[in-house]
Amino acid sequence: MGFRMRYLDLKRKICSVRMLAIQGIAEAGSGHPGASFSAAELMGVLYFRKMNHSPTKPDWSERDYFINSKGHSAPGFFATLAIAGYFPPTEMKTLRKLGSRLQGHPVRYTQKENRQSVPGTEFSGGSEGIGLSVSIGIALANRLDGKKNRVYTLIGDGESNEGQIWEAAMAAAKFKLHNLVAILDRNRIQQDGFTEDIMPLDPTRDKWSAFNWNVIEIGGHNVEQIIDALNKASEAKDSPTIIIANTVKGNGIKHMTNNPQWHGKAPPREHTPLLLEELRSECLIAPSIIAGQQENYEEKIRSAERGGADIIHLDIMDGRFVPNTTFYSDTIKQLRHITTLPFDAHLMIENPLAHIQDYIDARCDIVSVHAETCSESEFAQITHRLLSNGISPGIALNPSTDVPNWLFPHLQDVDVVLIMSVNPGFAGQKFIPEVLSKIRLINQKLREHGFLGYIEADGGIDATMLQAVYEAGARIFVAGNAVYGSGDIHGAIIQLRYKVNVALERKLLEQANTIGIRHDWLKTRKHILIPLANELGIEEELHALK
Ligand code: DX5
Ligand code: ZN
């Protein structure tokens, strides 16, 4: 079954990595945001979920090894080590400064060299093309010593121009190194151009299979696909595995996305607050499969995935807590194999503690129970069981229910607060307008109490409501009728995401005004804003930009 991911906590941690990296790069005035962001999920999943490692014992003999062969992704790599606990995150402010341990490219950590390097750095990366060879040496030595340690190597697609990579590829297959997993950050950009223009690498898959590697290809920003691929790689018996991770350079900041300009360029320091706002504003679209006519849940999930949904919202109703009955854990078990998309289970059932194991066994990734159906101690037992099974715990509130006082001591264990904007029981109802100010107040109150999780809005969400709900503070949007009642699932999801983008750009423009950088921000952001200019009312202003 492989390990479980506590999905929302993992997303939040990876978001913190991007925020820390961009702060360090902006502060230094130099660095590589492009690669730091394209590999963020890859490094995050390894350090926060997959690898056996110990930040307090960097030389632990049983540790797995991470060889970062694309050294220029150093800011993202360092930020990942910091969030994982290898050194204080505040030290990222010294990135690339004279005397700092955090230079432009990582230096292998040794007790002796501990003034120039940070614990957890296994390899001095900078000149590229070397890391895979070093990984073979480590994997071979481990196997000769009969050790179970695994070796994970991050390589680049520009770096794959290096001949040494292919020598190493031959050797690893020759030695049948099943304990070696190479991860290709396939972001299709190298330095100032696109790989397929500079030195075509495709057909990448065929190349690696021709070198007798076990090849897995995934979306490199989907943590669930990365986890699935790493689990599969652990099952390889007699060949090394390469995970071709299709990523996007600069992913996370729209004007840096897939843009060679931002390979090795730092944003102006004064842009930092806006970039942090954008990163912390990542939104998730969650279609609710009980909505719409047809009952074919399997097809609904497949079309949602094809349509670009982030998570699947599952409404479990027992006919007692709510005046409707839908499905239970057995149905979820049957649906689990259809997709790696996270399952967001919304339990509208009485006595959830008695049934929680069923939803753990059904492999849900997020499970929210209603505050109206459990006491503080029952909720504490539920979150404990979910967390110990790597599941993100959530609490749901009916429209008339406020956050219970007993919840505040448990906030660090809660990854999502789901606020109902309709009375629970049916899809296709109208959004209750009064809930908007409730979302805003609850979001504020929870943040004041140190809540780091997500606010999820559920009920009557459509393209007309979304901006207001976004501005109120929600970042997970359940959409039932808006998606499955639309007749065009893909189109509906695109339109919801478009509305999220408009709300985000509006917020960033307001912030740019407040800190007095509107003109510069418009120039930097122009190609992102043009498609939204009409809705944002800035067509003339963009037009006038020199
Ligand atoms: C209602 C459910 C919602 C509902 C959403 O009790 O919790 O998830 O299915 O559907 P729409 O978006 O149509 O309100
Ligand atoms: Zn729901």
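Presented here is an overview of the structure given in this document. For every chain, the first residue of the written sequence is number 1, and numbering continues from 1 onward in sequence order. In the order they appear in the text, chains get letters beginning with A and ligands get numbers beginning with 1. Note on the predicted model: pLDDT of at least 70 is required for a residue's local features to be given, and 80 or more for side-chain atom pairs to be given and counted; whole-chain, interface and lining totals, by contrast, use all residues. As a rule here, side-chain values cover all heavy atoms of the structure and leave hydrogens and water aside.

## Some points on the overall build of the chain
Then comes step 1: Along the chain, the regular secondary structure elements total 21 helices and 15 strands.
Then comes step 2: A globule of 546 residues ought to have a C-alpha radius of gyration of about 24 Å, and the chain, at 24 Å, matches this closely.
Then comes step 3: Taken along its principal axes, the extent of the C-alpha atoms in the chain is 65 × 60 × 45 Å.
Then comes step 4: Each residue gets one of three labels from its accessible area relative to the maximum for its type: buried under 20%, exposed over 50%, partly exposed in between, using a 1.4 Å probe on protein chains only. Here the chain, with 546 residues, has 59% of them falling under the buried criterion.
Then comes step 5: For this analysis, residues touch if any pair of their heavy atoms sits within 4.5 Å. Residue pairs at least 24 apart in sequence account for 72% of intrachain contacts in the chain once pairs closer than 6 positions are excluded.
Then comes step 6: Using a 1.4 Å probe, the Shrake-Rupley method yields the accessible areas, and only the shown protein chains count as cover for residues. Entry remark: accessible area of the chain is about 21300 Å², with carbon and sulfur atoms responsible for 51%.
Then comes step 7: We score Asp and Glu as negative and Lys and Arg as positive, and we do not count His or the chain ends. Just so you know, the charge point we use is NZ for Lys, CZ for Arg, CG for Asp and CD for Glu. Each charge class in the chain was averaged separately, 58 positive and 63 negative side chains, and the resulting centres sit 5 Å apart. What counts as a helix is a DSSP run of H or I of at least four residues, what counts as a strand is a run of E of at least two, and both are numbered from the N terminus. It is over C-alpha atoms that the radius of gyration is taken, and the globule rule equals 2.2 Å times the number of residues to the power 0.38.

## Description of the packing of aromatic side chains
Then comes step 1: Stacked, tilted and edge-to-face are the three classes assigned to paired rings of Phe, Tyr and Trp, where Trp is represented by its six-membered ring and a pair needs centres within 6.5 Å; plane angles under 30 degrees give stacked, over 60 edge-to-face, the rest tilted. Tallied over the entire structure, the rule returns 10 aromatic pairs.
Then comes step 2: When the NZ atom of lysine or the CZ atom of arginine is within 6 Å of a ring's centre and also within 35 degrees of its normal, the charge is said to sit over that ring. Seen from the ring of Trp-262, Lys-265 lies directly overhead, with NZ or CZ sitting 4.2 Å from the centre.
Then comes step 3: The cationic tip of Arg-336 hangs over the ring face of Phe-343; the distance from NZ or CZ to the ring centre is 3.8 Å.

## Structural notes on the sheet that holds strand 1 (residues 65-68)
Then comes step 1: In this scheme, strands are said to pair when DSSP sees at least two bridges between them. Pairing in this open sheet of five strands is parallel, and the strands run 1-2-3-7-6 from one edge to the other. Whereas interior strands pair on both sides, the edge strands pair on one side only; in this sheet they are strand 1 and strand 6 (214-219). When the angles between neighbouring strand axes are averaged without regard to direction, this sheet yields 20 degrees.
Then comes step 2: Bridge analysis of strand 6 against strand 7 (residues 241-246) gives six bridges, and the strand direction is parallel. In the strand pairing of strand 7, Ile-216 is matched with Ile-243.
Then comes step 3: Whenever a helix is involved, its axis is fitted only over the stretch in contact; in every case the axis is a line through C-alpha atoms, and angles between N-to-C directions fall within 0 to 180 degrees. The strands touched by helix 9 (residues 223-234) are strand 2 (151-156), strand 3 (180-186), strand 6 and strand 7; relative to strand 6, the strand with the most contacts, the crossing angle is about 170 degrees.

## Considering the coordination of the zinc ion (ligand 2)
Then comes step 1: Because water is not among the atoms used, a metal site may look incomplete, as its donors are only the N, O and S atoms within 2.8 Å, or 3.2 Å for Na, K and Ca. Donor atoms from the polypeptide that bind the zinc ion (ligand 2) are His-313 (NE2), Asp-315 (OD), His-346 (ND1) and Asp-458 (OD), placed at 2.0 to 2.3 Å.
Then comes step 2: Under the classification used here, a metal with four donors is tetrahedral if each angle lies between 85 and 135 degrees, square planar if opposite donors are over 155 degrees apart and the others between 65 and 115, a six-donor metal meeting that same test is octahedral, and anything else is irregular. With six donor atoms in place around the zinc ion (ligand 2) and angles of 73 to 173 degrees between them, the coordination shape is octahedral.
Then comes step 3: Along the chain, the residues donating to the zinc ion (ligand 2) fall in the pattern H-x1-D-x30-H-x111-D. Taken individually, His-313 and Asp-315 each receive the classification buried, so the pair is uniform in this respect.

Limitation: the analysis is restricted to geometry and does not speak to function.
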